[in-house]
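Given next are the chains, with one letter for each unit.
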Amino acid sequence: MARPTLLVFAGSTRRDSLNKKLALVAADAARAAGAEVTYLDLRELPMPLYDGDLEAAEGIPPNAKRFKELMLAHRGLLIASPEYNSSISGVLKNAIDWASRAEPGERPLACFQDKVCGLLSASPGALGGLRGLVTLRSILGNLQVLVVPEQLAVGKAHEAFTAEGALVDAKQQATVERIARRVADLVARLAPAT
Ligand SMILES: Cc1cc2nc3c(=O)[nH]c(=O)nc-3n(C[C@H](O)[C@H](O)[C@H](O)COP(=O)(O)O)c2cc1C
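Now for a quick tour of the structure.

Rules used throughout
- Residues numbered from 1 in each chain as written.
- Predicted model: local features only at pLDDT ≥ 70, side-chain atom pairs only at ≥ 80, totals over all residues.
- Heavy atoms only, no water.
- Helix = DSSP H or I, 4+ residues; strand = E, 2+ residues; numbered from the N terminus.
- Rg over C-alpha atoms; globule rule 2.2 N^0.38 Å.
- Buried < 20%, exposed > 50% of the residue type's maximum accessible area, 1.4 Å probe, protein only.
- Contact = heavy atoms within 4.5 Å.
- Areas by Shrake-Rupley, 256 points an atom, 1.4 Å probe, with all protein chains shown as cover.
- Lys, Arg positive; Asp, Glu negative; His and termini not counted.
- Charge placed at Lys NZ, Arg CZ, Asp CG, Glu CD.
- Pairing = 2+ DSSP bridges.
- Right-handed = clockwise from strand over helix to strand, strands pointing away.
- Polar contact = N/O pair within 3.5 Å; in protein donor to acceptor, adjacent residues only side chain to side chain.
- Near = heavy atom within 4 Å.
- Nonpolar A, V, L, I, M, F, W, Y, C, P; charged D, E, K, R; others polar.
- Axes fitted to C-alpha atoms, helices over the stretch in contact; angles between N-to-C directions.
- Salt bridge = Lys/Arg side-chain N within 4 Å of Asp/Glu carboxyl O.

Let us now look at the overall build of the protein. When helices and strands are tallied, the protein shows 6 helices and 7 strands. The secondary structure elements of the protein, listed N-terminal to C-terminal, are β-α-β-α-α-β-β-β-α-β-α-β-α. Whereas a compact globule of 194 residues would reach a radius of gyration of roughly 16 Å, the protein reaches 16 Å, a difference of no more than 12%. Counting every position in the protein, which comprises 194 residues, the buried fraction comes to 47%. Contacts in the protein between residues at least 24 apart in sequence constitute 76% of all its contacts with a sequence separation of at least 6. Counting every atom, the protein has about 9,500 Å² of accessible surface; 52% of that belongs to carbon and sulfur. Charged side chains in the protein number 23 positive and 21 negative. The centres of these two groups are separated by 5 Å.

So this is what it looks like as structure tokens:
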């Protein structure tokens, strides 16, 4: 069986992002589960805000194309999503919006269809960004992504990581590992999209 390929990223560009820390923990867990993992820092792919006039004049911007290519090259996703005002960050929504735009001749939603995705979030607040995950699950489901039922919202996340970036709580670590394993296993079992 081919090794599952997973793209892992956070919906935050912030240097000290708690969600980037969580995404890195998830990336390690996915590697331990046997997946071939690419960790992406969205700060490296700055994209303009989606604008239909810009798209009509210049097409999909280069970094949005690169993001789409990365999505297409992987069969599974692990996303650590900050919660902004009970929803997802503008950075993440904007990346999803650009990625949902088809190039001429491209199958609609090509980089979402038949993907398997695990969701995580981290917030200094008590709920850990849980409400944002409700929105993200809905968006991705509508884009034909298979989102696994398990998820993890890390509350009080400013206290949740060691200086080395490991999760302090063994139960949270076990949940990240379970989510990563579930996504990797499902990707390995599902036939590639046609
Ligand atoms: C505009 C804005 C809105 C926010 N809204 C929420 C919220 O609704 N719920 C929450 O738990 N935290 C909220 N926060 C706090 C974020 O969870 C916190 O800044 C977190 O560290 C962001 O993720 P990051 O560390 O990965 O960048 C908000 C922060 C910003 C900047």
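The side chains of a regular strand alternate, residue by residue, between the two faces of the sheet. Alignment of strand 6 (residues 116-122) against strand 7 (residues 146-154), held across 6 bridges, turns out to be parallel. In the sheet register, valine 116 faces strand 7, and the bridge partner there is leucine 146. In this view, the connection linking strand 6 to its parallel neighbour strand 7 by way of helix 5 (residues 130-142) has right-handed handedness.

The residue serine 86 is not glycine, and still its phi comes out positive at about 70°. Phi is positive for lysine 156, close to 45°, though the residue is something other than glycine. Here lysine 156 is to be found in the loop between strand 7 and helix 6 (170-189).

Inspection of the secondary structure assignment puts aspartate 41 in the loop between strand 2 (36-40) and helix 2 (52-58). A distance of 2.9 Å separates the side chain of aspartate 41 from the backbone nitrogen of arginine 43, its partner in a polar contact.

This part covers the environment of alanine 23. Inspection of the secondary structure puts alanine 23 in helix 1 (residues 18-32). Remark: the alpha-carbon pair of alanine 23 and phenylalanine 9, spanning 14 residues in sequence, is separated by 5.9 Å. The residues touching alanine 23, leaving out its near neighbours within four places in the chain, are Val8, Phe9, Ala10, Tyr39 and Ala80.

Surrounding the ligand, one finds 13 residues, the nearest of these being Ser12, Ser17, Glu83, Asn85 and Ser123. One nitrogen or oxygen atom from the side chain of asparagine 19 is found 2.8 Å from an oxygen atom belonging to the ligand. Look at the ligand: alone it shows 620 Å² of surface, and the protein chains cover 70% of it. Here the residues of the shell around the ligand are counted per class, giving 4 nonpolar, 6 polar and 3 charged.

Strand order across the open sheet formed by 5 strands is 2-1-3-6-7, with parallel pairing between neighbours. In the strand order of this sheet, the two ends are held by strand 2 and strand 7, each with one partner. Across this sheet, the average inter-strand angle for adjacent strands is 15°, counted without regard to direction. As judged from the 5 bridges shared by strand 1 (residues 5-10) and strand 3 (residues 76-80), these two strands associate in the parallel manner.

Another aspect to go through is the pattern of salt bridges. One pass over the full model with this rule turns up 8 salt bridges. Here arginine 131 ties to glutamate 83 by a salt bridge, and the two come within 2.8 Å at their closest N and O atoms. Remark: glutamate 83 occurs in strand 4 (residues 83-84) and arginine 131 occurs in helix 5; sequence separation between them is 48 residues. Here arginine 131 falls in the partly exposed class, since its relative accessible area comes to 43%. With its nearest N and O atoms 2.5 Å apart, the salt bridge here joins glutamate 150 to arginine 182. Of this pair, glutamate 150 sits in strand 7 while arginine 182 is found in helix 6, placing the two residues 32 residues apart along the sequence. Given a relative accessible area of 14%, glutamate 150 falls into the buried group. The exposure class of arginine 182 is partly exposed, given its relative accessible area of 41%.

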